[in-house]
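# Structural characterization, general
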Amino acid sequence: MPCRRAETGPREWIDRGRTLRFTFEGRSYEGHPGDTITSALLANGVSLLGRSFKYHRPRGAFSLANHDVNALFCTPQDTHIRGDVTPLVEGMDVRPVNVRGGLDNDRDRHLDRLGRFMPVGFYYKAFHRPKALFPYWERAIRKRAGLGRVDLDWTPDRRAKRHAHCDALVVGAGPTGLTAALDLADNGCSVVLVDENPHPGASFDYAHAGDETALAHRDALIASVHAHPAITLHTRAVALGHYADHLVPIATPDGIIKVRARGVLLATGVIEQPAVFHNNDRPGVMLASGAQRLLHRFGVAACRRAIMVVANGEGYAAALDLHAAGIEIAAIADMGTPKSQIPAARLLAAGIPVHRDHAVHAAHGESAVEAATLAPVGADGHCDLARAHRVPCDGIFMSVGWAPAGQLLYQAGGRLRYDDTLAMPVPESWPDTVVPAGRLNGVFDLDCQYEDARDAAARLRAALAGEPVPAVADHRDRVSHGAAWPIVAHAQSRNFVDLDEDIQLKDLEQAAREGFDNIELLKRFSTVGMGPSQGKHANQNAIRILARIRDQGIDATGTTTARPMFHPVRLEDLAGRRLRPTRRSPLHDAHAELGARFMDAGAWLRPAWYGAAGERAEAIAAEVRAVREAVGLIDVSTLGKIEVVGPDAARLLEAAYTLRAADLSVGAGRYALMVDESGVVVDDGLIARLGPEHFFVTASSGHAAATRRELTREAAIGAFEAWVVDRTSQLGSITIAGPRSRDLLAPLTDVDLDRKAFKGGIRTGHVCGQPARVLRAAFVDRVGFEVHADVAATRLIWARLMDDGAALGVRAFGVEAQRVLRLEMGHIIVGQDTDGLTDPFEAAMAGAVHFDKPVFIGRGALALLAERTQRRLVAFTLPADADTPLPRESHLVIEDGEIAGRVTSIAHSPTLGHAIGFAMVDTALADSERALTLRVDDGVLVRATRAATPFVARRGKRAQPESRS
Amino acid sequence: MKRIDCPEIGPRPIDEFTYGGEVRRPPQADADTAALADYVFNRAGAPGVLREWWHHDPSGRWFVLERDTRTDTVLRSIPITEVAHAVPTR
């Protein structure tokens, strides 16, 4: 049983002077600041921490290194909390995940005995027949699957992403990382040093805890790092992945820091790998390095009497270390440590028996380790059970090999190869600016790690300085650090390769037998390495197993891809804080005073309508009536406003738009369409001529930047002497529309609004004494004017129009009324009535395409499309007294039982008293005069009568130019 | 590529740029339908050195950058006059 030791360790993380109270499964416990959830529970003698994913087997602590995915916890607020690294907090209410009715009596624990009925690939093979039962199985499986429960009332904590720039990013603050960071900083580099632990030191703190020289050097290194002005140290900071141009996002408790480095030095170290034997998942079976972390960081003895299975010198060092701390090492089963690495004399002195060429064949005990069977083992992993013996113990520690934490190196384009001597992969090649060092690089000796760190730092510095990169000096160890085959067969299986997903040796063998004998297929079929730890303890053994089945080398077997993120990261941290500007019109405050209901229109906030919350439909209808019967005002400041100036201004516009512009006289304007090279409509607006070399161009709201961009590019391509200026933010715009609009505007302006003098186009003058441009606008009503002035003048003009208009019945109207009004007028909205494939002929705007000019964007495509229109926009109306539901946009048009089109716009017209709309339909149907059949929700069919536009009766001649917002 | 090392304005984050596609010369006005369709719809997509339009949004400038798509590195900036072509008016 684990317990907290009385003696204080020299570098331990906990503060024994203070006590934290917390509960687990409702029972109260105490821990100390600096404890993790797991260390605090173990200190209280609680070793059963979780249940496994598939079989609900009892599980406990394993690595204490952020890989303990069988000891996940939840609190009322949060789930999937990794107990091995999550700090204990006062008052924490900790619960297990994936159990029903408590850890001890989990109602799903019987699943373990049903295991033989759930072989690998079982989910793919069962449950889909008979088909009718699948929903039942799906519900049952979904209920069991997954680990935690998401709190839907969760309060988001959206921290802004931060940015950092440095010459060198050093990942890992152990012996290698600390040394390298200092070397780089001492030589003029700005350095960011990150480590996932709360304190720098890494393997110093547990693997070298008994080495006074090493610890003195550790303290000096850390002090120098803290004192160095060129080093920024982040702890509890996980380097999530390596992206292009050395972008490495770092997850910290305060959110993500996006570090852009010129070079990266990886001192990410190694991940200890487990041995595979029967019941190797019982609480009490741990990695030796995990037991050392527990001891030296948290002062917790993982057990009282341990068996160790080792295959390297580190295992013996750990045995002596744990022995010195008072844990009895009952026996060591040695799976092939080189003789030179066995400290025979010290073991003898400590009274620790060593069984050479032995393995742990099985662990015993129901919910905790009670004994282990040791047996001689052959190279094939089969034990000689005739010579087996059973040893009582309450812990089994494994030190049988390592895997490099090479994920970031791999993502940066580095390659690893399997080193048969070290029995682990080592880096083979890497970019000059992403350099591995230390144990990641196969360097195990502490002094060699310092050397390797300085050597790697020197090579990185040379690469950053653009100098020739020195040759790599080999500091790698030349003795084995792991077993080539740490895997022991057992008649009853339950020898787990992957603890995340409950994958046993036989599962991988069976998957390979069924033909999934490629590493990527094996992974996907068996799910090995697909759990929360992403195979950090499973992949290396899985590759060994497959290599042996295929009778090929480890490198020939290959490896799966290590994609970001290195550890799971909170989604709220990935999302960061929403940094999206909201654009407000210069008239925003005036709208708010009028009771505007705002809506998002791209980046802009625009009034949707004005009035009380519950009176939406009435308010919109009243706004529409005001425009039709008197006068209305709408803020169209969101309209893109672009000026094109220069001797070639007309030529530029002719090249960019489908219409003629050169023949416009000063003051005249014309509706303008912009298409792309395939002839698809991308924008529309108005082009008006202010002078011989000066044009005013409007663009759809939200499209101004793109239109300016395209005009600028077209000017560059054509070498036109023309300049394009986006004035959208400088100018406010108001549309005055309705039969009384002339009466309202005329007294306020020096522009002659007489219908004969100002049929269309643009005038420059004053409105309310302010310099302004006035355009004719017919988008929402036959009679309309658009006033553009600078933002301060726009506020003044709006206020005056509202005041003076009161007597005329003026009313501000919003986007909703505008959509109805333009529909009544028969005008389309690009992007609503057109889609990403619509050409001008389909949009019934052939008149806006002027083929009498030799070149413009899309001319070639349009010349072909003019003859081949396959669908066309048509107008329709619905009877006023229809008791069928009102169709909505994107409802289908049905002809002879087939889809013949879709509704693009539809609205109830307050002016006409019935619904009107546009539909994009097949040409054959458009050419016929047949009524449309619209299919609304639930398959109900509605008949719509064809109509001509404008829907509202003409009151005289239609104004020519129009611009829209 | 998370950063564009623009030879003219220095290294800038890629989110400051809008991609404008490969620099391509439109076919002559009298080109046949196949040539036109090829120009409108087909892109080689083969790895290699491409000349591409990149618009730097904060400064409102277009750049024509030569990029090696195999290494995702910008090799040089091409003066726009080099890719300009006269647009006939009549």
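Residues numbered from 1 in each chain as written. Chains lettered and ligands numbered in written order. Predicted model: local features only at pLDDT ≥ 70, side-chain atom pairs only at ≥ 80, totals over all residues. Heavy atoms only, no water.

### A few points about the overall build of chain A
Per the secondary structure count, chain A includes 25 helices and 50 strands. The C-alpha atoms of chain A give a radius of gyration of 37 Å, which is well past the 30 Å a tight globule of 965 residues would have. Sorting the 965 residues of chain A into buried and exposed places 59% on the buried side. At a minimum sequence separation of 6, the contacts of chain A that also span at least 24 residues come to 66%. About 38,800 Å² of surface is accessible on chain A, with carbon and sulfur atoms providing 51% of the total. Looking at charge distribution, chain A has the averaged site of its 113 positive side-chain charges lying 4 Å from that of its 117 negative ones. (Helix = DSSP H or I, 4+ residues; strand = E, 2+ residues; numbered from the N terminus. Rg over C-alpha atoms; globule rule 2.2 N^0.38 Å. Buried < 20%, exposed > 50% of the residue type's maximum accessible area, 1.4 Å probe, protein only. Contact = heavy atoms within 4.5 Å. Areas by Shrake-Rupley, 256 points an atom, 1.4 Å probe, with all protein chains shown as cover. Lys, Arg positive; Asp, Glu negative; His and termini not counted. Charge placed at Lys NZ, Arg CZ, Asp CG, Glu CD.)

### Here's the deal with the overall build of chain B
Assigned secondary structure in chain B consists of 1 helix and 6 strands. Along chain B, helices and strands appear, N-terminal first, in the series β-β-β-α-β-β-β. Projecting the C-alpha coordinates of chain B onto the three principal axes gives extents of approximately 40 × 30 × 20 Å. Here chain B, with 90 residues, has 39% of them falling under the buried criterion. Of the contacts made within chain B by residues no fewer than 6 positions apart, 46% connect residues no fewer than 24 positions apart. When the accessible surface of chain B is totalled, it reaches about 5,300 Å², and 50% of it is carbon and sulfur. The average position of the 12 basic charges and that of the 14 acidic charges among the side chains of chain B differ by 2 Å.

### Comments concerning the packing of helix α4 (residues 175-186) of chain A against helix α11 (residues 446-465) of chain A
Between two packed helices, both the angle of their axes relative to each other and the distance between the axes serve to describe the pair. All names here are of chain A. Where α4 contacts α11, the two axes come as close as 8 Å, and the packing angle between them is 40°. The orientation of α4 relative to α11 falls into the category oblique. Our pair here, α4 against α11, has a crossing hand that is right-handed. On α11, the residues touching Pro-175, Thr-176, Thr-179, Ala-180, Asp-183 and Leu-184 of α4 are Leu-446, Gln-449, Tyr-450, Ala-453, Arg-454, Ala-457, Ala-458, Leu-460 and Arg-461. Each residue belonging to the contact of α4 with α11 can be placed in one class, and the counts come to 9 nonpolar, 3 polar and 3 charged. (Axes fitted to C-alpha atoms, helices over the stretch in contact; angles between N-to-C directions. Parallel < 35°, antiparallel > 145°, perpendicular 65-115°, else oblique. Left-handed = near helix turned anticlockwise from the far one by under 90°. Nonpolar A, V, L, I, M, F, W, Y, C, P; charged D, E, K, R; others polar.)

### Thoughts on the domain arrangement of chain A
Here chain A is partitioned into domain 1 (162-271 + 403-465), domain 2 (640-727 + 837-857) and domain 3 (870-949). The gap between the C-alpha centroids of domain 1 of chain A and domain 3 of chain A is 66 Å. (Domains from an automatic or database assignment.)

### Considering the UniProt feature "domain: SoxA A3" (unreviewed entry) in chain A
Sequence positions flagged by UniProt for "domain: SoxA A3" (unreviewed entry) are, in local numbering, residues 493-576 of chain A. Between the end C-alpha atoms of residues 493-576 of chain A the distance is 45 Å, and the span holds 45% helix and 6% strand. (UniProt positions renumbered as here; feature names shortened; annotations may be inferred.)

### Some thoughts on the UniProt feature "domain: FAD/NAD(P)-binding" (unreviewed entry) in chain A
Under the UniProt annotation, the feature "domain: FAD/NAD(P)-binding" (unreviewed entry) is placed at residues 167-414 of chain A. Annotated as residues 167-414 of chain A, this span is 27% helix and 33% strand, and its ends, taken at the C-alpha atoms, are 20 Å apart.

### Looking at the sheet that holds strand β23 (residues 389-392) of chain A
Residue and element names in this part refer to chain A. Strands sit in the order β21-β22-β23 across an open sheet of 3 strands; the sheet is antiparallel. The open sheet is flanked by β21 (358-364) and β23, the only strands paired with a single partner. Geometrically, the sheet is characterised by an average inter-axis angle of 30° between neighbouring strands, direction not taken into account. With 4 bridges connecting them, strand β22 (residues 371-376) and β23 associate as antiparallel partners. (Pairing = 2+ DSSP bridges.)

### Structural notes on the pairing of strand β10 (residues 191-194) of chain A
For a regular strand, the rule is simple: side chains alternate between the two faces of the sheet. Residue and element names in this part refer to chain A. Because side chains alternate across β10, one face comprises the buried residues Val-191 and Leu-193, and the other comprises Val-192 and Val-194, equally buried. Bridge analysis of strand β9 (residues 162-171) against β10 gives 4 bridges, and the strand direction is parallel. Each bridged residue has a counterpart across the sheet, and for Ala-168 the counterpart in β10 is Val-191. Handedness of the crossover is the feature at issue here: the chain leaves β9, passes through α4, returns alongside β10, and the resulting connection is right-handed. One ladder, built from 4 bridges, connects β10 with strand β11 (residues 231-234); its direction is parallel. Looking at β11, one finds that Leu-193 is bridged to Leu-233. (Right-handed = clockwise from strand over helix to strand, strands pointing away.)

### Thoughts on a nonpolar patch on the surface
Residue and element names in this part refer to chain A. Residues Leu-133, Phe-134, Tyr-136 and Trp-137 make up a contiguous nonpolar surface patch of roughly 380 Å² in combined accessible area. Considering the arrangement of structural elements, one finds Phe-134 in helix α3 (residues 134-144). Assessed through its relative accessible area of 37%, Phe-134 is described here as partly exposed. (Patch = residues over 30% accessible without salt bridge, like charges linked within 9 Å, V, L, I, M, F, W, Y side chains within 5 Å. Salt bridge = Lys/Arg side-chain N within 4 Å of Asp/Glu carboxyl O.)

### Considerations on the interface of chain A and chain B
Listed per partner, the contact involves 25 residues of chain A and 23 residues of chain B. On the chain A side of the contact with chain B, A:Arg709, A:Arg713 and A:Ile717 bury the most area, a combined 24% of that side's loss. Seen at the junction of chain A and chain B, the total is 1 salt bridge. One salt bridge connects A:Glu677 with B:Arg24, and the closest N-O pair in it is separated by 3.8 Å. Our enumeration of links across chain A and chain B arrives at 6 residue pairs in polar contact (both at pLDDT 80 or more). The set of elements that each furnish at least two residues to the side of chain A that touches chain B consists of α19 (649-656), α20 (704-717) and α24 (859-865) of chain A. Broken down by element, the side of chain A that touches chain B gets its largest block of residues, 7 residues, from α20(A). (Buried area = accessible area lost by both parts, 1.4 Å probe. Polar contact = N/O pair within 3.5 Å; in protein donor to acceptor, adjacent residues only side chain to side chain.)

### A few points about the pairing of strand β5 (residues 61-68) of chain B
Residues and elements named next belong to chain B. Within β5, 7 of the 8 residues are buried, leaving the element largely enclosed by the surrounding structure. Across 8 bridges, the pairing between strand β4 (residues 49-56) and β5 is antiparallel. Across the sheet, the residue bridging to Trp-54 is Phe-63, located in β5. Between the antiparallel neighbours β4 and β5 lie 4 residues, among them Gly-60 with a positive phi of about 65°. Note that β5 and strand β6 (residues 73-78) share 5 bridges and pair antiparallel. Residue Arg-67 lies in a different strand from β6, and its bridge partner there is Val-74. Counted along the chain from β5 to the antiparallel partner β6, the turn is 4 residues long, and its residue Asp-72 has a positive phi close to 55°.

### Looking at the pattern of salt bridges
All names here are of chain A. In total, this model carries 56 salt bridges over all chains according to the counting rule given. A salt bridge links Glu-654 to Arg-660, with the nearest nitrogen and oxygen atoms 2.8 Å apart. Relative accessible area serves as the criterion here: at 7%, Glu-654 is assigned to the buried category. Between Asp-743 and Arg-740 there is a salt bridge, with its nearest N and O atoms 2.8 Å apart. Overall, Asp-743 belongs to the partly exposed group, its relative accessible area being 41%. Its relative accessible area of 34% is what places Arg-740 among the partly exposed residues. Residues joined in a network through salt bridges with shared partners are Arg-57, Arg-59, Asp-112, Asp-281, Arg-494 and Asp-502.

### Points about the nonpolar core
Ranked by size, the top nonpolar core spans 56 residues in total, and within it A:Leu169, A:Leu184, A:Ile250 and A:Leu265 carry the most contacts. Non-local contacts of A:Leu169, meaning those with residues more than four positions away in its chain, are made with A:Val192, A:Val194, A:Val248, A:Ile250, A:Val259, A:Ala261, A:Gly263, A:Val264 and A:Leu265. (Core = buried A, V, L, I, M, F, W, Y, C linked by side-chain atoms within 4.5 Å.)

### As for α11(A)
At 3.6 residues per turn, the α-helix brings residues three or four places apart onto the same side. All names here are of chain A. For α11, which comprises 20 residues, the first-to-last C-alpha distance of 29 Å matches the rise-based estimate of 28 Å (1.5 Å per residue) to within 8%. Its side-chain oxygen placed 3.1 Å from the backbone nitrogen of Asp-447, Asp-445 serves as the N-cap of α11. A positive phi of about 75° marks Gly-466, the residue just after α11. (Expected span 1.5 Å × (residues − 1).)

### Structural notes on the confidence of the model for chain A
Caution applies to low-pLDDT parts of the model: their predicted coordinates are not meant to be read in detail. Averaged over chain A, the pLDDT score is 93; the fraction of residues at 70 or greater is 98%. Confidence over residues 956-965 of chain A falls short of pLDDT 50; this stretch has 39 contacts with residues more than four positions distant or in other chains. (pLDDT = per-residue confidence, 0-100.)

### Description of the side chain of A:Thr252
Residues and elements named next belong to chain A. With respect to the helices and strands, Thr-252 occurs in strand β13 (residues 247-252). The class of Thr-252 is buried, set by a relative accessible area of 10%. One polar contact links the side chain of Thr-252 to the main-chain carbonyl oxygen of Gly-255, over a distance of 2.7 Å.

### Considering the side chain of A:Arg5
Residues and elements named next belong to chain A. As for its position among the elements, Arg-5 is in the loop between β1 (3-4) and β2 (20-24). Within the structure, Arg-5 has its side chain in polar contact with the backbone oxygen of Ala-325 (distance 3.0 Å). If near-sequence neighbours (up to four positions away) are discounted, Arg-5 is found in contact with Arg-16, Leu-295, Gly-299, Ala-301 and Ala-325.

### Things to note about the packing of aromatic side chains
Per the counting criterion, the structure on display carries 11 aromatic pairs over all chains. Taking 3.9 Å as the distance between ring centres and 5° as the angle between the ring planes, the aromatic pair formed by A:Phe516 and A:Phe525 counts as stacked. According to the relative accessible area criterion, A:Phe516 is partly exposed, its value standing at 26%. When its relative accessible area of 9% is taken as the criterion, A:Phe525 is described as buried. With a centroid separation of 5.6 Å and an interplanar angle of 85°, the aromatic rings of B:Trp53 and B:Trp62 are classed as edge-to-face. Take B:Trp62: its relative accessible area is 6%, and that puts it in the buried class. The positively charged end of A:Lys536 is found above the aromatic ring belonging to A:Phe566, 4.6 Å away from the centroid. Above the ring of A:Trp485, the side-chain terminus of A:Arg548 is found at 3.8 Å from the ring centroid. (Phe/Tyr/Trp six-rings, centres within 6.5 Å; stacked < 30°, edge-to-face > 60°. Lys NZ or Arg CZ within 6 Å of the ring centre and 35° of its normal.)

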